[in-house]
Amino acid sequence: MHTVRKYPDPVRAESAAAYLTRHGVLARVAGGGLNALGPYSGSAIEVYEVAIAMVRLRERAEMLIRAFEAEVPAPAGAEWEDEAEPDLSRLDPSLAIRCPACGRQLRRPLGARCTDCGEAIDLLSAVLGQHGPEALEACYATDADPGADVDWDALPFSCGCGYELDHLARAGRCPECGTAYDKRETAMRWLRSGNR
């Protein structure tokens, strides 16, 4: 895995990763961690890293990222905030969220007040504090299938033995070692795993 770009908002990072994948470089968002601004700033910002699966495609990924940034300029100010606002109704229904005031599990549908103690709740802060930024992954508008526009047969890919499967069929057997492969299945597993 190789990081090609860091963005301060998850929407921009997801868009860049989807752009790379659509253009034949398997990419995903890793991170959501804090990045210190410096010893004198006393603050930090959250960063989302766009990482590619294969380091050998680094130069191509860099070129595509520059094209993405030229085609899709970053929104500014309030426009950025509107685009990056998570839709909390899309939270995983099995996720237990507790009221910060009374500690009881909040009932669905989630609201601005606890139904048990009546205290006002900053739901976004509660989710982040209790489950971290990865819990919000489903709350951002992204394609349902990140690989929907990918030409899987042409996707650069390597077998576990190191043999390059570029321009071979989406699924088959490695000509070098004979191991069965399915580019889409392996890629989708990689896209959904890792440091998100």
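The structure presented is a predicted model; accordingly, all values stated were derived computationally and were not measured.

Draft legend 1. Structural view of the pattern of salt bridges. Per the counting criterion, the structure on display carries seven salt bridges. In this structure, the salt-bridge partner of Asp-116 is Arg-107, at a minimum N-O distance of 2.4 Å. On the accessibility criterion, Asp-116 (30% relative accessible area) is partly exposed. Across the pair Asp-182 and Arg-170 runs a salt bridge whose closest N-O atoms are separated by 2.9 Å. Of this pair, Asp-182 sits in strand E5 (residues 180-182) while Arg-170 sits in the loop between helix H4 (123-131) and strand E4 (171-173); the two residues are twelve residues apart in sequence, bridging distant segments of the chain.

Draft legend 2. The environment of Pro-100, seen in detail. When you line up the elements, Pro-100 lands in the loop between helix H3 (77-84) and H4. For Pro-100, a relative accessible area of 60% gives the class exposed. As for Pro-100 and Gly-129, which are separated by 29 residues in sequence, their C-alpha atoms are 9.6 Å apart. Residues contacting Pro-100, with those up to four places away along its chain left out, are Ile-121 and Ala-126.

Draft legend 3. Here's a closer look at helix H2 (residues 58-71). When the terminal C-alpha atoms of H2 are compared, their 20 Å separation across 14 residues agrees well with the 20 Å that a helix rising 1.5 Å per residue should span. Residues of H2 that are buried: Ala-61, Leu-64, Ile-65 and Phe-68. Along the long axis of H2, the arc covered by the buried residues comes to 105 degrees, so they all point the same way. The outward face of H2, more than 90 degrees from its buried face, is lined by the exposed residues Glu-59, Arg-66 and Ala-70.

Rules used throughout
- Residues numbered from 1 in each chain as written.
- Predicted model: local features only at pLDDT ≥ 70, side-chain atom pairs only at ≥ 80, totals over all residues.
- Heavy atoms only, no water.
- Salt bridge = Lys/Arg side-chain N within 4 Å of Asp/Glu carboxyl O.
- Buried < 20%, exposed > 50% of the residue type's maximum accessible area, 1.4 Å probe, protein only.
- Helix = DSSP H or I, 4+ residues; strand = E, 2+ residues; numbered from the N terminus.
- Contact = heavy atoms within 4.5 Å.
- Expected span 1.5 Å × (residues − 1).
- Arc of directions from axis to C-beta.

Geometry only, nothing functional implied.
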